[in-house]
Amino acid sequence: MNIQNYINGEFVNPIQDNWLVNYNPSIGEIYGQIPNSTQGDVALAVEFAEKAFPKWSQTSLEERSKILLKIADLIEENLENLAKAESVDNGKPISLAKTVDIPRAATNFRFFAHAITQFASESHETVGENAINYTLRQPIGIVGCISPWNLPLYLFTWKIVPAVAAGNCVIAKPSEITPMTAYLLGEICTKAGLPNGVLNIVHGLGNQVGEAIVSHPKIKAISFTGGTKTGAQIAKIAAPMFKKLSLELGGKNPNIIFADCDYEKMLATTVRSSFSNQGQICLCGSRILVEEKIYEKFKKDFIKKVSELKVGNPADESTDIGALVSKEHLEKVKSYIDIAEIENGKILFGGEKVVVDNCENGYYLQPTIIEVVDNQCRLNQEEIFGPIVTLMSFKNDEDGLSLANDTKYGLSATLWTNNLNRTMHFSQQLKVGIVWVNTWMLRDLRTPFGGMKDSGIGREGGFEALRFFTEAKNVCIKSLP
Ligand code: NDP
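Rules used in this analysis
Residues numbered from 1 in each chain as written. Predicted model: local features only at pLDDT ≥ 70, side-chain atom pairs only at ≥ 80, totals over all residues. Heavy atoms only, no water. Buried < 20%, exposed > 50% of the residue type's maximum accessible area, 1.4 Å probe, protein only. Helix = DSSP H or I, 4+ residues; strand = E, 2+ residues; numbered from the N terminus. Pairing = 2+ DSSP bridges. Core = buried A, V, L, I, M, F, W, Y, C linked by side-chain atoms within 4.5 Å. Contact = heavy atoms within 4.5 Å. Salt bridge = Lys/Arg side-chain N within 4 Å of Asp/Glu carboxyl O. Near = heavy atom within 4 Å. Polar contact = N/O pair within 3.5 Å; in protein donor to acceptor, adjacent residues only side chain to side chain. Areas by Shrake-Rupley, 256 points an atom, 1.4 Å probe, with all protein chains shown as cover. Nonpolar A, V, L, I, M, F, W, Y, C, P; charged D, E, K, R; others polar. Arc of directions from axis to C-beta. Phe/Tyr/Trp six-rings, centres within 6.5 Å; stacked < 30°, edge-to-face > 60°. Lys NZ or Arg CZ within 6 Å of the ring centre and 35° of its normal.

Chemist: Looking at this structure, I do not really get the pairing of strand E3 (residues 19-24). What am I missing?
Modeler: Remember that side chains alternate between the two faces of the sheet whenever the strand is regular. Covered by surrounding structure in E3 are Leu20, Asn22 and Asn24 only, the residues Trp19, Val21 and Tyr23 on the alternate face being uncovered. Summarising the sheet, E3 and strand E4 (residues 29-35) pair through 6 bridges and their orientation is antiparallel. Considered in E4, the bridge of valine 21 is made with glutamine 33. In this structure, the hairpin formed by E3 and E4 is closed by a connection of 4 residues, where glycine 28 is found at a positive phi of approximately 65°.

Chemist: Where do I start with the nonpolar core in this structure?
Modeler: A general tendency of soluble globular proteins is for nonpolar side chains to be buried together. Ile71, Ile75, Ile160 and Leu283 are the most contacted members of the largest nonpolar core, which totals 91 residues. Per-element tally for this core: the top contributor is helix H4 (residues 94-118), with 11 residues. Contacts of isoleucine 160, omitting those with residues within four sequence positions, involve Phe109, Cys145, Val170, Ala172, Leu185 and Leu199. Counting 28 residues, the second-largest nonpolar core is a separate cluster that includes Val333, Ala340, Leu401 and Ala413.

Chemist: What should I look at first to understand the pattern of salt bridges in this one?
Modeler: Pairing is possible between side chains that carry opposite charge, provided their charged atoms lie close to one another. Within the structure shown, the criterion is met by 22 salt bridges. Of the charged contacts in the structure, one is a salt bridge between aspartate 73 and arginine 110, with a shortest N-O distance of 2.7 Å. Placement of the pair is aspartate 73 in helix H2 (residues 61-77) and arginine 110 in helix H4, with a sequence separation of 37 residues. Of the charged contacts in the structure, one is a salt bridge between arginine 446 and aspartate 444, with a shortest N-O distance of 2.6 Å. Overall, the relative accessible area of 31% leaves aspartate 444 in the partly exposed class. Three or more residues are tied together by salt bridges with common partners; here these are Asp73, Glu76 and Arg110.

Chemist: What exactly am I supposed to notice about helix H7 (residues 206-215) here?
Modeler: Along an α-helix, residues three or four positions apart point the same way, because every turn accommodates 3.6 residues. When H7 is considered as a whole, its buried residues turn out to be Val209, Gly210, Ala212, Ile213 and Val214. Buried-residue contacts for H7 involve helix H1 (39-57), strand E7 (142-146), strand E8 (169-173), strand E10 (219-225) and helix H8 (228-238).

Chemist: Quick question: what am I supposed to make of the site of the ligand here?
Modeler: Inspection of the region around the ligand gives 31 residues, with Glu176, Thr230, Leu249, Cys282 and Glu383 positioned closest. One of the side-chain N or O atoms of lysine 173 is found 2.9 Å from an oxygen atom in the ligand. The protein chains hide 88% of the 890 Å² of surface that the ligand would expose on its own. Contributions of two or more residues to the shell around the ligand are made by H7, E10 and H8. With 4 residues, H7 is the single largest residue contributor to the shell around the ligand. Here the shell around the ligand is composed, by residue class, of 13 nonpolar, 13 polar and 5 charged.

Chemist: Explain H8 here, please?
Modeler: The complete set of buried residues in H8 reads Thr228, Gly231, Ile234 and Ala238. When H8 is viewed along its axis, its buried side chains cluster within an angular range of 115° and face the same direction. Of the exposed residues in H8, the ones pointing more than 90 degrees away from its buried face are Lys229 and Lys236. Buried residues in H8 make contact with H7, E10, strand E11 (244-248) and strand E17 (409-410).

Chemist: I'm lost on the packing of aromatic side chains in this one. Help?
Modeler: Aromatic ring pairs: the centre-centre distance and the angle between the two ring planes describe each pair. With the rule as written, the count across this model stands at 11 aromatic pairs. Summarising the aromatic geometry, the rings of phenylalanine 112 and tryptophan 158 are spaced 5.9 Å apart at their centres and angled 50° between planes, so their arrangement reads as tilted. With a gap of 46 residues between them, phenylalanine 112 in helix H4 and tryptophan 158 in helix H5 (residues 152-165) connect regions that are remote in the sequence. The pair phenylalanine 112 / tryptophan 158 is uniform in exposure class, with both members buried. Where phenylalanine 468 meets phenylalanine 469, the ring centres are 4.9 Å apart and the plane angle is 80°; that geometry is what we call edge-to-face. Judged on exposure class, the residue phenylalanine 468 and its partner phenylalanine 469 are both buried. A network of ring pairs unites the aromatic residues Tyr6, Phe11 and Tyr183 as a single cluster. Across the ring face of phenylalanine 468, the terminal group of lysine 244 is positioned such that the distance to the ring centre comes to 5.4 Å.

Spelled out as structure tokens, the structure:
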């Protein structure tokens, strides 16, 4: 299937008529073409966004909200199709696309449709001066949203919806590797009555069309989710142009397990937090740290549970682990298995490519568990972003906390314990943006989402996202005597 850019409410070919191929990772074959857009396509999208902005920014909140709710309804009506498209494009199990990715995309629309009607600003009575200060939160204008391939529609909508809800016009770029559901969303937006030019989707390469978005002088804010290296490159371009920046980057999240936890619940959740979406979620707990006294038991039970996971065709409802997103990514992830050998990591389970029936050229890898002894090894310091986790033991609270914080990343951490004092101490001391205690990836969209250190700057979610996509303006009025 061939896709086109969505500019000013219409599907158009890229100006230079250049195209890229799109692969189906479950069979390793080309199944479509996508625009290889350039600066000119971004400039065209910006022109239309500029025209749409005055009216959209003055459209009542009720009207904006109504359109966003309609889009949510249409996503739900098209759930089967969208889930199938996501699974084919990305390689993720169809069951995951149906129960997580697509429902969450609809929820993103519904959530911000409501949030914008509740978004308020502060006022301060300046006592003694007969004055009142109030804050206007006005849309920025044209903003850029760039999203990655791991949760394509889920993360794409997580950015564009608050931007549009707040009254901005958007130039968005999904990952070139997984553009399909963003393309399908264009049609839904038009059907729901989103005015032309409010959302423009330009497909193509990150270092070409992505950079064109980041460097366009009329795009005043950039919301980016992706790798830390790319985030640094974007910041380098955007900072001297004084653009507002939100960067959600990589992670190397610790999953800290104490002997006093609810063991069965922890075990089942740890399998999920390790290998959901083939381990390609920025929040996956890729470093499993286990208290010494239950280490051997955990190791045995975890290996058993992981060995029961089914690696298979993503289209099959019973598949637990689908294909990795691309051949290049499979090779990158697999290279860490070779690194394990160099670093004396012990492969406890997995480590091999899997050949799936009727999908012989697909990009499949066994869920892999590697035991390590030194937290400074590359396996524990670098983001692998695939179905590989490491296991390591720790002696006591101090040791566990120090290992957990010992990386350049600071996105999330999971803690398993029933000790309240320990919970409070760790929550306070962990240098991460999100702490889960006795659970994983339980999301409440009102909460701030984002990381510390090399995991990014800024927070998404709830009013934080609406604040990011607005400019705060203070107005001070003094009454005459
Ligand atoms: P990349 O950083 O490679 O790409 C992310 C997006 O940026 C893609 O659309 C990409 O386009 C685009 N891009 C690439 N280079 C540039 C550039 N120079 N200028 C502007 N845009 C560019 O990340 P991946 O797609 O590989 O995604 C995986 C990464 O995303 C992991 O590191 C993961 O941790 C992180 N991530 C973070 C999350 C968070 O919330 N913190 C959530 C999910 C993922 P193209 O695809 O064409 O290269």
